[in-house]
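Structure at a glance
Residues per chain, in single letters:
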Amino acid sequence: MADIPDITIEVSNLVKTYGSLTAVNNLSFTVKRGEIVGLLGPNGAGKSTTMRILTGYLPANAGSVRICGFPVASHPEATKRHVGYMPENNPLPEDLRVSEYLWFRGRLKEMPRAKLRARIDEVLELCDLKRNRHRILGRLSKGNKQRVGIAEAILAEPAVIIMDEPTIGLDPHQIIIVRNLIASLRGRMSVIISSHILPEIEETCDRVLIINGGRIVAQGSPAELRHEIFGHSTYRLELAGDPAGLAAHLPGIDATLRLVNQGDAAADGFRTVTLMTDASTDLGERLLQVLPAAGYRVRSLGRTQPSLEDVFLAATRRSWDARLPGKNGLQGDSRAPLPKV
Amino acid sequence: MRHYFTILSHEIRALLYNPSTYVAAVLFLLVMGFIFVGILSDYSKAPQETPPAAIFFQAFFIPVFFMVPLLTMKSFAEERRLGTLETLLTAPVSTTEVVLGKFTAAYLFYVLLWASTFGFHYILQLYARDTRYLDSGPLIGGYLFIAVSGLLFVAVGILASAVTRNQAVAGILSFTILLGLIGGLSYVSELSALNTDVLSPLKPALEQLRVPGHVDDFTHGIVDTRQVFFYLTGCTLSLIFSILGVEAKILNS
């Protein structure tokens, strides 16, 4: 693994069209070694197409993809050796046994026989499939099939692992196993996963790329995305005291802190107040210092963060909104605007 | 080519695991057995000029029409429908290796099935207690014809499977192409329209392409390199089109 460069995936200005439909539109990103990147987007956003181009299965119309320094278009044999790929819905041949399938795949991936035997034991252990190694693939449950797909993807210890919706159809227990498995690859292999399940992405990924209409609408770590898309954070307080004077104290804590909403006082005099700020630092301590000093009794304080779901919805909506006026401004994009969620 | 044998052994194993292989083999032997018994009963009624083996190989088209589509329709259509073609082609293998591996497995099975019909001739010789029935000349020629023509027929089946995702379509397509190749060509070569001045240059060429004529030649000990060349180039061409078909289907999927 010594010859693996620091940047394992380099995608620049990738374009893929199906007839008049532009599935991937000028996409560029890079993935570093050992990084776990999540690809997020609504149906038909171009996630699977992007992944298929990365694996060399589909050719792109324009742009370039480099895997470990090799361009996919001109050196497919070299790049395929560095990629472990699990397609959407994880297709498997139905009449093989688990260990036979892994053996066949390992031989296709040019693993020496002696090493392959030990490695199959290892991945079966990792994926919790030891008990199922002699079972026939067609008769496995969905979760077990999914884990066979993951075992197959990591079998040859590739530098890049690409998984299209690895956790689809799994129960919560199996999702945790898969999530831990993916997290255990961090630092050794670059992983790209796509998913609709947003908490999944948030927990496992170092970086998230939100794709819509074939282009990146937002990227960064989940925390960065929150700040970029929303630019503000919200605090909820339960306090008792003079509601009219509250607004006057806020600029003293932070210049952008403002009162957005305040509820009616309950019988015990406490009311729920919502504050909003553009500052990215946590203002909780300051609030707890200043408000009691001004004579307010604070019962609870909470910082509500937008979930990745909100970020996702806001980012994809923002990109749809941007495309609606002036259709001529965006060439090559014939996709009809999708309904807003 | 290092993956060729991996794919070949995988395909052979898949054939051996599949119950339909055994059903097809039994069906084949049953049909060929009936044909053989029919030939023998004809011979017991009246003396004939040609050896029974030569007549037996003239019925080659019956198993070709149903066995070749059955054997090959699965190869790519099924993989494409299941989606396993994607995992196969994203491994470091080339499409050529995959096509050649699948072709060889189907071809080996086809030849093996035909080889098992040698048992008929052996049993006949055993019961008739007459070594003349094991007439080596027509038998060697006949099996040579099966081996050479099988290259083209199986390649045609692979081609039909490579251009669709539906097994039934692949089966019917390969049946149609084989029918055109065997029945159609010999029908066209006998048309009276070929005797007109304009078309008469075509007549000798079309007569050379008559597959039943090739069987007669082979069983009578004539191994014509033109015929061998026809089957070899046809096989190569079909396989090249299969490779293109598999890749083109990906582009348009």
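Below you will find a few notes about this structure. Only a predicted model underlies this, so the values are computations on that prediction, with no experimental measurement involved.

1. Focus: the nonpolar core
Core analysis: the biggest nonpolar cluster contains 131 residues, and A151 and I210 of chain A together with Y110, V154 and A155 of chain B have the highest contact counts within it. Counting residues per element, this core draws most heavily on helix α9 (residues 136–162) of chain B, which supplies 12 residues.

2. Section: the interface of chain A and chain B
In this complex, chain A contributes 21 residues to the contact, which on the side of chain B involves 17 residues. Where the side of chain A that touches chain B is concerned, the elements lending two or more residues are α2 (76–81), β6 (83–86) and α3 (98–108) of chain A. With 4 residues, α3 of chain A is the single largest residue contributor to the side of chain A that touches chain B. Taken together, the residues that form the side of chain A that touches chain B break down as 10 nonpolar, 3 polar and 8 charged.

3. Looking at the pairing of strand β2 (residues 21–32) of chain A
Residue and element names in this part refer to chain A. In this structure, strand β1 (residues 7–18) lies alongside β2, joined through 8 bridges in antiparallel fashion. Across the sheet, residue Y18 finds its bridge partner in β2, namely L21. The turn linking β1 back onto β2 is made up of 2 residues, and G19 within it adopts a positive phi angle of 60°.

4. Here we look at the sheet that holds strand β3 (residues 36–40) of chain A
The pairing of strands in a sheet happens through backbone hydrogen bonds and is either parallel or antiparallel. Residue and element names in this part refer to chain A. Here 6 strands make up an open sheet; going across it, the order is β6-β7-β8-β3-β9-β10 and the pairing mixed. Edge positions in the sheet fall to β6 and β10 (215–220), since each has one partner strand and no second. The average undirected angle you get between the axes of adjacent strands in this sheet is 15°. Taken together, the 4 bridges between β3 and strand β8 (residues 190–194) define a ladder with parallel strand orientation. Bridge assignment links V37 to a residue of β8, and that residue is I192. Packing of helix α5 (residues 142–154) onto the sheet brings it into contact with β6 and β7 (160–164), and relative to β6 it is tilted by some 165°.

About the thresholds
- Residues numbered from 1 in each chain as written.
- Chains lettered and ligands numbered in written order.
- Predicted model: local features only at pLDDT ≥ 70, side-chain atom pairs only at ≥ 80, totals over all residues.
- Core = buried A, V, L, I, M, F, W, Y, C linked by C-beta atoms within 7 Å.
- Buried ≥ 20, exposed ≤ 12 C-beta atoms within 10 Å, placed from the backbone.
- Helix = DSSP H or I, 4+ residues; strand = E, 2+ residues; numbered from the N terminus.
- Contact = placed C-beta atoms within 7 Å.
- Nonpolar A, V, L, I, M, F, W, Y, C, P; charged D, E, K, R; others polar.
- Pairing = 2+ DSSP bridges.
- Axes fitted to C-alpha atoms, helices over the stretch in contact; angles between N-to-C directions.

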